Amino acid sequence: MLFLPLYGILAGGEPSVWRAVWMITILLVIQKFKKKFLYIDIFSFVFLSLIIFDPYVIYEVGFQFSFAVTFAILLSAKWVSYSTSTLWNIVQISFVSQMAILPLQLHYFYIFQPLSILLNVIIIPYFTLFVIPLMYIATLLSFLPKQVLFILDNSFQWIHSVVVNFLVWVDTYLSFPLFMNGLSITAVIVYYIFFFRFMYELEIKRMKVAFLSGVLFCLPIIFGALKPYLSEEGIVTMFDIGQGDAILIETPYRQDTLLVDAGSTFDFESMEASRSVYKQILRPYFYSRGITHLDAIILTHEDLDHIGSLEYILEEVTVDTIMVSSFFDDQLIKNIQASFPNQIIKRIEAVQTIRGNFTNFHVLSPTSDHQSLNDNSLVLYADLGAKWLFTGDIGSDVEKTLIKNHPEMNIDILKVAHHGSNTSSDSVYIEEIDPDFGLISVGRNNRYGHPSVEVIETLESKGIDILRTDLHGAIQYYFSNNQGTFLIHSP
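As the structure is a computational prediction, the values presented were derived from the model and not from experiment.

## Overview of the overall build of the protein
Then comes step 1: Scanning the protein from N- to C-terminus turns up 18 helices and 19 strands.
Then comes step 2: Overall, the protein is about 90 × 60 × 45 Å in size when its C-alpha atoms are taken along their principal axes.
Then comes step 3: A buried classification covers 45% of the 491 residues belonging to the protein.
Then comes step 4: Put simply, 60% of the contacts in the protein that link residues at least 6 apart link residues at least 24 apart.
Then comes step 5: Roughly 26,300 Å² of accessible area belongs to the protein as shown, and the carbon and sulfur atoms make up 61% of that amount.
Then comes step 6: A distance of 17 Å separates the average location of the 29 positive side-chain charges in the protein from that of its 47 negative side-chain charges.

Structure (structure tokens):
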């Protein structure tokens, strides 16, 4: 009883730790005085005490997970007690624990790994019966000669590496996770109603009704996963990744899923593209939308702020084709193919059309080699509920060529070139294409001074509504048929 609070402090004092500490402490006190209380009453007392001490603790993920799991295990104790097999008991507890927090897990992390229910049968006993006890024993044996401690340490590391390598193998070859956005509140209520009914029917051994309830509590998850494929609404998302470009296009009924550019920031420690943009922005959004496959990634040009996250995406997401311009750097293509030998990379030229299931992307530039990475950017025109023009980092000379080659071109939504630099967005060009909206992907307080005052003044003088990632955060355009609306997410 004296040690447990100390353990809670040493373990970091998280809500889940204090829940376990105080429940066991109260249980020991009750046993000491030979009193009888229901476990659910002890659970409720600790739950209320922690909320009274800190009302905001209820918003912490660890608090929610810990109490949801414990509550579900307490309610299913009778069902678990029917079996005398320790292994089966672990499977039962693992199943109940996972199902109890599933809506919360999807809400916070957008991922459900069904295999985790079975893996817990290995992991929980491994840490509970081996790793944690061995850590305490090792502390007590620290007085032994170094040679003995060296043998013990190496033995533990060998066993631990075997377990970790096994988990890596499982994650590589047997992992089939479900990615989806969180459930609606109605779906959550339906889920828990039938989940509790399922557990109750198992407890009283009415297996047919239990099976029906089990099917019904799975339905909200199934419909949630299928929702993007049933929606007539498409989405264009300009991510707020700082000084870089990344635009995801999802057409209605998930007919096409394309990414235009995959920028990142620069990591000055490793002197390479940082993983942070993919890890903190792109991957969570992919998970939330259930995206594990892209039909194509279109790289407008070679700059890091347009291709830096490509490697990290290819490691985890299946991409059918990477599309680049005819003048894209050969060595970069070789580097990509060396790391991902099975990846298809296709060069596309002006006047070509990228044919999708929902819409086509017309390649307007580059028509010739401009001897400049920026000016050799791919320029794409597409009808996505409105007429879009994706311009990479082209300069004013290329803009003049565009309006010369396509004098009748009229645009609704313009991806403003080069993050709003004054090297582009010429006033004549803007007047000719006459967009209603100008979208600028730009970093806050960037050292380049983007977007320039001249470009902003040009756009405003033409009556164009400006949306900027540095001011408005991620920008989304929801469209259906020939109409759409913008939604911004404050940074």
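On we go.
## Considering the sheet that holds strand β16 (residues 437–440)
Then comes step 1: Reading across the sheet, the 7 strands line up as β11-β12-β13-β14-β15-β16-β17 and stay open at both edges, with mixed pairing between neighbours. Single-partner strands in this sheet number two, and they are β11 (353–355) and β17 (465–468). The average angle at which neighbouring strand axes cross in this sheet is 20°, direction not considered.

## Some thoughts on the nonpolar core
Then comes step 1: Judged by nonpolar contacts, the single largest core of 30 residues is most densely connected at L259, F286, L294, I313 and I322.
Then comes step 2: Among the elements that line this core, the one with the most residues is helix α11 (residues 276–288), at 5 residues.
Then comes step 3: What I322 contacts, discounting residues up to four positions off in sequence, is I297, L299, L310, L314, I336, Q343, I344, I345 and K346.
Then comes step 4: With 26 residues, the next largest nonpolar core counts L258, V260, A382 and I475 among its residues.

## Digging into the sheet that holds strand β9 (residues 318–325)
Then comes step 1: Taken in spatial order, the 8 strands of this open sheet run β10-β9-β8-β5-β4-β3-β18-β19, and their pairing is mixed. Either end of the sheet is taken by a strand with one partner, and the two such strands are β10 (344–348) and β19 (483–489). Pairs of neighbouring strands in the sheet enclose a mean axial angle of 20°, with direction left out of account.
Then comes step 2: Two elements, strand β3 (residues 234–238) and strand β18 (residues 474–480), share 5 bridges in a ladder whose sense is antiparallel.

## Brief notes about helix α3 (residues 39–53)
Then comes step 1: With 15 residues, α3 ought to run about 21 Å at 1.5 Å a step, and its terminal C-alpha atoms sit 21 Å apart, in line with that.
Then comes step 2: Among all positions of α3, only I42, F43, V46 and L50 are buried. The buried residues of α3 occupy one face: seen down the axis, they fall within an arc of 100°. Facing away from the buried surface of α3 by more than 90 degrees, the exposed residues are F45 and I52.
Then comes step 3: Where α3 is buried, its residues meet α2 (15–32) and α4 (61–75).

## Brief notes about the side chain of E399
Then comes step 1: Within the secondary structure layout, E399 lies in helix α15 (residues 396–405).
Then comes step 2: One buried charged side chain, E399, makes no salt bridge at all; its nearest oppositely charged neighbour is K400, positioned 8.1 Å away.
Then comes step 3: Polar contacts involving the side chain of E399 include one to the main-chain amide nitrogen of S425, which spans 2.6 Å.
Then comes step 4: Contacts of E399, omitting those with residues within four sequence positions, involve I394, A417, S424, S425, D426 and Y429.

## Digging into the pairing of strand β5 (residues 257–260)
Side-chain positions along a regular strand alternate between the two faces of the sheet.
Then comes step 1: Neither face of β5 is open: one carries T257 and L259, the other L258 and V260, and all of them are buried.
Then comes step 2: Sheet topology places strand β4 (residues 247–250) next to β5; 4 bridges connect them, and they run antiparallel. In the strand pairing of β5, L248 is matched with L259.
Then comes step 3: Following β4, the chain reverses through 6 residues before pairing antiparallel with β5; Y253 in that reversal takes a positive phi of roughly 60°.
Then comes step 4: As judged from the 3 bridges shared by β5 and strand β8 (residues 293–298), these two strands associate in the parallel manner. Bridging from a neighbouring strand, L259 pairs with I297 of β8.

## Side note on the environment of S44
Then comes step 1: Position of S44 relative to the elements: it lies in helix α3.
Then comes step 2: Owing to a relative accessible area of 30%, S44 belongs among the partly exposed residues under this scheme.
Then comes step 3: With 37 residues separating them in the primary sequence, S44 and Y7 have C-alpha atoms 22 Å apart.

## Looking at the packing of α3 against α4
Then comes step 1: Contact pair α3 / α4: the axes reach a minimum separation of 10 Å and the direction vectors enclose 165°. Our classification of the angle between α3 and α4 gives roughly antiparallel. Read as a crossing pair, α3 and α4 show a hand that is left-handed. For the pair α3 and α4, the contacting residues are Y39, I40, F43, V46, F47, L50 and I51 in the first and F63, F67, T70, F71 and L74 in the second.

## Examining the pattern of salt bridges
Then comes step 1: Enumeration over the complete set of coordinates arrives at 11 salt bridges.
Then comes step 2: Measuring nitrogen to oxygen at the nearest pair gives 2.9 Å for the salt bridge that ties R289 to E250. Linking R289 in the loop between α11 and β8 with E250 in strand β4, this pair joins segments that are 39 residues apart in sequence.
Then comes step 3: Here R289 falls in the partly exposed class, since its relative accessible area comes to 22%.
Then comes step 4: Of the residues examined, E250 reaches a relative accessible area of 2% and is grouped as buried.
Then comes step 5: Between E316 and R283 there is a salt bridge; the shortest N-O distance is 3.0 Å. With a gap of 33 residues between them, E316 in helix α13 (residues 310–316) and R283 in helix α11 connect regions that are remote in the sequence.
Then comes step 6: Here E316 falls in the partly exposed class, since its relative accessible area comes to 38%.

## Let's talk about the packing of aromatic side chains
Then comes step 1: Within the structure shown, the criterion is met by 32 aromatic pairs.
Then comes step 2: Relative to F196, the ring of F71 has its centre 6.4 Å away and its plane inclined at 50°; by these criteria the two rings are tilted. One end of the pair, F71, is in helix α4; the other, F196, is in helix α9 (residues 185–203), and 125 residues separate them in sequence.
Then comes step 3: Its relative accessible area of 30% is what places F71 among the partly exposed residues.
Then comes step 4: Among the aromatic residues, ring-to-ring pairing joins F43, F47, F63, F67, F71, F95, Y191, Y192, F195, F196, F198 and F217 into one connected group.
Then comes step 5: In this structure, K205 packs its charged tip against the face of Y82, placed 4.6 Å from the ring centre.
Then comes step 6: The aromatic ring of Y229 is capped on one face by R254, whose charged end is 5.3 Å from the ring centroid.

What counts and how
Residues numbered from 1 in each chain as written. Predicted model: local features only at pLDDT ≥ 70, side-chain atom pairs only at ≥ 80, totals over all residues. Heavy atoms only, no water. Helix = DSSP H or I, 4+ residues; strand = E, 2+ residues; numbered from the N terminus. Buried < 20%, exposed > 50% of the residue type's maximum accessible area, 1.4 Å probe, protein only. Contact = heavy atoms within 4.5 Å. Areas by Shrake-Rupley, 256 points an atom, 1.4 Å probe, with all protein chains shown as cover. Lys, Arg positive; Asp, Glu negative; His and termini not counted. Charge placed at Lys NZ, Arg CZ, Asp CG, Glu CD. Pairing = 2+ DSSP bridges. Axes fitted to C-alpha atoms, helices over the stretch in contact; angles between N-to-C directions. Core = buried A, V, L, I, M, F, W, Y, C linked by side-chain atoms within 4.5 Å. Expected span 1.5 Å × (residues − 1). Arc of directions from axis to C-beta. Salt bridge = Lys/Arg side-chain N within 4 Å of Asp/Glu carboxyl O. Polar contact = N/O pair within 3.5 Å; in protein donor to acceptor, adjacent residues only side chain to side chain. Parallel < 35°, antiparallel > 145°, perpendicular 65-115°, else oblique. Left-handed = near helix turned anticlockwise from the far one by under 90°. Phe/Tyr/Trp six-rings, centres within 6.5 Å; stacked < 30°, edge-to-face > 60°. Lys NZ or Arg CZ within 6 Å of the ring centre and 35° of its normal.

These values are about where atoms sit, not about what they do.
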